[in-house]
Amino acid sequence: MEADPIVIVGAGPAGLVLALSLARYKIRCVILEKELDITEDPRGVYLAGDAVRVLYQLGIGDQIDIIGHRLKEINFHKSSFQNNPFLALDLTSDWLEQVVPGGVLQIQPRLEATLRAKAEKSSYCELRYGCRVVSREEKETGVTVFYEDKEGTEGQIIASWLVGADGKTGVVRKQFLEPIANIRQEVGLFSYNGTWVAANLHITLPTPLSHPQLCFWDMGMTSEDVYDLFWPGGWHFCSPPGKPTACGRFGPRDARLWRHEFAEPNWNDSKDAVQLFWEHLDPLITRDCDNLGRPFPTGPITFPRNCIDIRRCRPFTFCQKVVNRWFHNRTILIGDAAHVFPPFGGQGIACGIRDGDALAWRLAVLCQMPTISKVVADKMLLTWSHERRQGVDESTRLTKKNGMLCNGTEDWASFFMRVIVAPLLWLIPGMPSISELSTAYEKEGYRATKDGFFLKGYGGGRKLSQIFVTTDEGSPVLSDCLLQHGRTTMTLFILDPKHQDELKTVEQALEHCGISESAISQKSIVLLSSNDHPPAWPDIKGSKLYRPCPESEVKDLEILPGYNIWRYYKRFGHGAKYVLIRPDLIIFAVAKTFSELQKCLELLKENL
Ligand SMILES: Cc1cc2nc3c(=O)[nH]c(=O)nc-3n(C[C@H](O)[C@H](O)[C@H](O)COP(=O)(O)OP(=O)(O)OC[C@H]3O[C@@H](n4cnc5c(N)ncnc54)[C@H](O)[C@@H]3O)c2cc1C
């Protein structure tokens, strides 16, 4: 009998990613969304690189350039983005070692529209718009979810699991979990509570026809040059006195959108956000020379106001909080329902995407086990919540660091970074760049998490990088594609197989290991050579052997500088022969011998 669907409350980025991730494992879900349409106001603009990678896994990588543009540089300026940055992170290379873009400045409604369109086409996702979830009844085997549609008609669904992806003020945490399980959002790693004025601008380009009086045209500048001068590319953190500012273009270049947000520490409702905004923006868009330093003959020029359309400008109050527990029985929280961040780290959407991606395969395993005890389910979800708590803490640290670099209250570490480390990184050849240092953290995945779902003693917890791979007759594909096996969630790489018997032995081990097929099965096996030109293809009939694609082979595929196939294997560690991998790219365990593999399978069984 097919299990009841998983019900997800909220069709924001977190809920939609969870739904599409569940569909990868052929698990049915129903999303209940209270609104009929997508919120058209772009809120989150920065989409972190690992979240972009998840979007590729979900099959919407080809839409990235419609949703936004690839972030190439993050600049920290002492005051205005007109000044040279004291620290610039160059993100043009493949700094995350994942082939796909390492960060995107996006239009959130376009991201949501793309995810919704994909979910609407999936036979595993059902979206019901205009349905507000109002209550639920939880039993040991499932949850009955009650909702009301826009006409006031009541409906109910029996769900195997209920996931609250209903944002920071959603009902699932506040009305369902807080009263019975005392689940609340609490201050996380640092206490922050601040009001920011956040504006979205649409810029029209001045032209010689629309603005003949401007001196730009006589200086040989084009409208595009003027745009690049006043609204420079990249993302900018600046600190005009007392007002940390985060700003930059978002969306595709031709959308001409600019986000401008600044802290307004003493906000009260008698203040006028739009007036404050102009007072803040005007000096930043007033210039007296072009990018080559040629002075404007007419003196300082402010970018014409009639070319700036304020799409939205209002105060938002931000804090950093995270739930004290992420689930209770069969009700789970993800996204903003579980955690919230100040805007200067751009972590909100990415964290929700990570929650959904890491939860989906666990729910897929649980839904497919014929009988699951509460103990087993709680154990699986606890490992998820431990890992996600570490993820939220890492995002919080990054957010705090950004905040300190762009406002006046820097600690000694930020001061050290700004005044000593940043110049050194530029000056000394061979010094690692900041982005390379960040990769070191990315590689470590969840290794620092106590009680995560991996075998630390067997090299587990690290995160997989990404390269292109191919078979002897196929064309290059992203290596993350090797991790997809329908209802079976985990992957087992056999590295450099030599002959048929090797494969057979592993197949037999999987057949007799007694682990649910939802976790691992013979479908999990992937044969992978570490040699980009295997001297002779091994005698393995009927099975595909993948090999890495060197740069020369994928030149036409728009690869970023720094592409390197060896880093993929490096993350497995020395002497790796068998690698057990979770679908959220975390290595469960690495075995050097067949007997080690058997031991890892036993331990996997104990973990389920
Ligand atoms: C000004 C601003 C700037 C930001 N900048 C960034 C940034 O640069 N980068 C970044 O990553 N994040 C940023 N964020 C945060 C980001 O927008 C959120 O983290 C993100 O939208 C959270 O996604 P979510 O899916 O968890 O929740 P939401 O996007 O809030 O979605 C929740 C959904 O649940 C629905 N819902 C609620 N209650 C019910 C109910 N009872 N029944 C049915 N449906 C319900 C809602 O209608 C909504 O569609 C910013 C936010 C703001 C306000």
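Given the structure is predicted, the values throughout are model-derived calculations rather than measurements.

Procedures and definitions
- Residues numbered from 1 in each chain as written.
- Predicted model: local features only at pLDDT ≥ 70, side-chain atom pairs only at ≥ 80, totals over all residues.
- Heavy atoms only, no water.
- Domains from an automatic or database assignment.
- Near = heavy atom within 4 Å.
- Polar contact = N/O pair within 3.5 Å; in protein donor to acceptor, adjacent residues only side chain to side chain.
- Helix = DSSP H or I, 4+ residues; strand = E, 2+ residues; numbered from the N terminus.
- Nonpolar A, V, L, I, M, F, W, Y, C, P; charged D, E, K, R; others polar.
- Axes fitted to C-alpha atoms, helices over the stretch in contact; angles between N-to-C directions.
- Parallel < 35°, antiparallel > 145°, perpendicular 65-115°, else oblique.
- Left-handed = near helix turned anticlockwise from the far one by under 90°.
- Contact = heavy atoms within 4.5 Å.

## Some details on the domain arrangement of the protein chain
Point 1. Structurally, the protein chain comprises domain 1 (6-36 + 102-188 + 320-417), domain 2 (193-319) and domain 3 (454-607).
Point 2. The distance between the C-alpha centroids of domain 2 and domain 3 comes to 49 Å.

## Quick look at the site of the ligand
Point 1. Close contacts around the ligand come from 32 residues, with Glu33, Gln108, Val133, Asp336 and Ile349 the closest.
Point 2. One of the backbone N or O atoms of Gly346 is found 3.4 Å from an oxygen atom in the ligand.
Point 3. Counting residues per element, the ones that place at least two in the shell around the ligand are helix H1 (13-24), strand S2 (29-33), strand S9 (131-138), strand S17 (257-263), strand S20 (308-319) and helix H8 (348-368).
Point 4. Here the shell around the ligand takes three residues from S9, the largest share from any one element.
Point 5. Of the residues in the shell around the ligand, the class split is 14 nonpolar, nine polar and nine charged.
Point 6. Domain assignment of the residues forming the shell around the ligand places at least three in each of domain 1 (6-36 + 102-188 + 320-417) and domain 2 (193-319).

## Observations concerning the packing of H1 against helix H4 (residues 108-121)
Point 1. Two numbers describe how H1 lies on H4: the axes approach to 10 Å, and their chain directions differ by 25 degrees. Classed by the angle they form, the pair H1 and H4 counts as roughly parallel. In this structure, H1 meets H4 at a crossing whose hand is left-handed. Residue-level contacts link Pro13, Leu16, Val17 and Leu20 of H1 to Gln108, Leu111, Glu112, Leu115, Arg116, Lys118 and Ala119 of H4.
Point 2. The residue makeup of the contact of H1 with H4, split by class, is seven nonpolar, one polar and three charged.

## What about the environment of Asn607?
Point 1. Mapped onto the elements of the fold, Asn607 is located in helix H14 (residues 594-607).
Point 2. Contacts of Asn607, omitting those with residues within four sequence positions, involve Lys379, Met380, Phe453, Leu455 and Phe588.
Point 3. A distance of 2.9 Å separates the side chain of Asn607 from the backbone oxygen of Leu603, its partner in a polar contact.

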